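A look at the structure
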Amino acid sequence: MPTNAKSKKRAKPAAKKPFPPRDPAIEAEIQAIIDRQGVAKTATYEHLLGIGEHLWESDEELDAFLDGIRQRRRARPDSQ
């Protein structure tokens, strides 16, 4: 078997560095900006799940909307 004179060596993956400790002064400044701008807190899964529930009166209305989208996509010339 021929040997490759320039064998490829794999580099070791870099060790993960821990996050630096949080500075309370910076955290307070960030919180002040959040409060001033009125940014909403991170949403929960349950909240995100129910965001669009008021858009359709019934499951049938939602199904009709989705069917309309599917039909329009199939009708496009670039969908094939």
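Before any of the text, the structure's been laid out above.
Anyway, here's the lowdown on the structure attached to this text. Computed from a predicted structure; not experimentally measured.

Here we take up the overall build of the protein. Each helix and strand counted, the protein has three helices and zero strands in total. Taken from N to C terminus, the helices and strands of the protein fall in the order α-α-α. Taking all 80 residues of the protein together, the buried fraction comes to 1%. Accessible surface for the protein amounts to roughly 8800 Å². Of this, 57% is attributable to carbon and sulfur atoms.

The end-to-end C-alpha separation of helix 1 (residues 24–37) is 20 Å, in line with the 20 Å expected for 14 residues at 1.5 Å each. Of the residues flanking the start of helix 1, the one acting as N-cap is Asp 23, its side-chain oxygen 3.1 Å from the backbone nitrogen of Ala 25. Immediately beyond the C-terminal end of helix 1, within one or two residues, lies Gly 38, with a positive phi of roughly 70°.

Here we take up the environment of Arg 70. Looking at the secondary structure, you find Arg 70 in helix 3 (residues 59–75). At a separation of 2.9 Å, a polar atom in the side chain of Arg 70 contacts the side chain of Asp 67.

Turning our attention to a nonpolar patch on the surface. A cluster of nonpolar side chains, contributed by Ile 26, Ile 30, Ile 34 and Val 39, occupies part of the molecular surface with about 310 Å² of accessible area. Secondary-structure assignment places Ile 30 in helix 1. Residue class for Ile 30 comes out partly exposed when judged on its relative accessible area of 42%.

A few words now on the pattern of salt bridges. Tallied over the full model, the rule gives two salt bridges. For Arg 22, the salt bridge identified is with Glu 27, shortest N-O distance 3.7 Å. What makes Glu 27 partly exposed here is its relative accessible area of 32%. Between Arg 70 and Asp 67 there is a salt bridge whose closest N-O contact spans 2.9 Å. Highlighted residues: Arg 70 and Asp 67, both in helix 3, separated by three residues, approximately one helical turn. Note on Arg 70: relative accessible area 40%, which makes it partly exposed. Taking the relative accessible area as the measure of exposure, Asp 67 reaches 39% and is therefore partly exposed.

What counts and what doesn't
Residues numbered from 1 in each chain as written. Predicted model: local features only at pLDDT ≥ 70, side-chain atom pairs only at ≥ 80, totals over all residues. Heavy atoms only, no water. Helix = DSSP H or I, 4+ residues; strand = E, 2+ residues; numbered from the N terminus. Buried < 20%, exposed > 50% of the residue type's maximum accessible area, 1.4 Å probe, protein only. Areas by Shrake-Rupley, 256 points an atom, 1.4 Å probe, with all protein chains shown as cover. Expected span 1.5 Å × (residues − 1). Polar contact = N/O pair within 3.5 Å; in protein donor to acceptor, adjacent residues only side chain to side chain. Patch = residues over 30% accessible without salt bridge, like charges linked within 9 Å, V, L, I, M, F, W, Y side chains within 5 Å. Salt bridge = Lys/Arg side-chain N within 4 Å of Asp/Glu carboxyl O.

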